[in-house]
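# Structural features, examined
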Amino acid sequence: MSNEQPILEMTVEGDFVGPPPDAPTPLGNRVLVWVVSLAGIAVACAVAVFALWLLAFLIPVAALTVAIAYAVFRYRVWRSGGTIQGTTIRWVRRR
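In this section: the overall build of the protein. Broken down by element type, the protein carries one helix and two strands. Counting only residues that meet the buried cut, the protein has 2% of its 95 residues in that class. Accessible area for the protein stands at about 9,400 Å²; split by element, carbon and sulfur atoms hold 68% of it.

This part covers the packing of aromatic side chains. Geometry of an aromatic ring pair is reported as the spacing of the ring centres plus the angle between the planes. Per the counting criterion, the structure on display carries three aromatic pairs. Look at Trp-53 and Phe-57: their rings are 6.0 Å apart centre to centre, the planes differ by 10 degrees, and that puts the pair in the stacked class. Taken together, the positions of Trp-53 and Phe-57, both in helix H1 (residues 27-79) and four residues apart, correspond to about one turn of that helix. For Trp-53, a relative accessible area of 53% corresponds to the exposed category. On the basis of relative accessibility, which here comes to 48%, the residue Phe-57 falls in the partly exposed class.

What follows concerns the environment of Phe-16. You can see Phe-16 is positioned in the segment before H1. Other than its neighbours up to four places away in sequence, Phe-16 contacts Leu-8, Glu-9 and Met-10.

Here the focus is H1. Between its first and last C-alpha atoms H1 spans 78 Å; for 53 residues at 1.5 Å apiece the expected length is 78 Å, and the two agree. In the segment just after H1, Gly-81 is the residue with positive phi, at about 75 degrees.

To continue, consider a nonpolar patch on the surface. A contiguous nonpolar patch, built from Phe-50, Trp-53, Leu-54, Phe-57, Leu-58 and Val-61 and spanning about 600 Å² of accessible area, is present on the exposed surface. With respect to the element layout, Val-61 can be found in helix H1. By relative accessible area, Val-61 is classed as partly exposed at 40%.

Averaged over all residues, the pLDDT of the protein is 86; the fraction at 70 or higher stands at 83%. Ranking the elements of the protein by mean pLDDT puts strand S2 (residues 87-88) last with 61 and H1 first with 94.

Basis of the calculations
Residues numbered from 1 in each chain as written. Predicted model: local features only at pLDDT ≥ 70, side-chain atom pairs only at ≥ 80, totals over all residues. Heavy atoms only, no water. Helix = DSSP H or I, 4+ residues; strand = E, 2+ residues; numbered from the N terminus. Buried < 20%, exposed > 50% of the residue type's maximum accessible area, 1.4 Å probe, protein only. Areas by Shrake-Rupley, 256 points an atom, 1.4 Å probe, with all protein chains shown as cover. Phe/Tyr/Trp six-rings, centres within 6.5 Å; stacked < 30°, edge-to-face > 60°. Contact = heavy atoms within 4.5 Å. Expected span 1.5 Å × (residues − 1). Patch = residues over 30% accessible without salt bridge, like charges linked within 9 Å, V, L, I, M, F, W, Y side chains within 5 Å. Salt bridge = Lys/Arg side-chain N within 4 Å of Asp/Glu carboxyl O. pLDDT = per-residue confidence, 0-100.

Take a look at the structure:
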């Protein structure tokens, strides 16, 4: 361990002295900004890919559900002779 104490540069008002205005941004800060930006883009792409995968999975499920519901509806109309819960549904055949 070194016995040297750190030197704090302060103004007369008690504020800390900052870097000069024309000082370049440190390399570590520039790398950190790029890494955080790339990580944000990667997360956004991953979320978009997951959403598209979920959509591609759910479209066939929804289509199958609609087909089954329509088949059940047609079956119930056929079995009841054209009436469902007191309402008459008349199917007109087109020629």
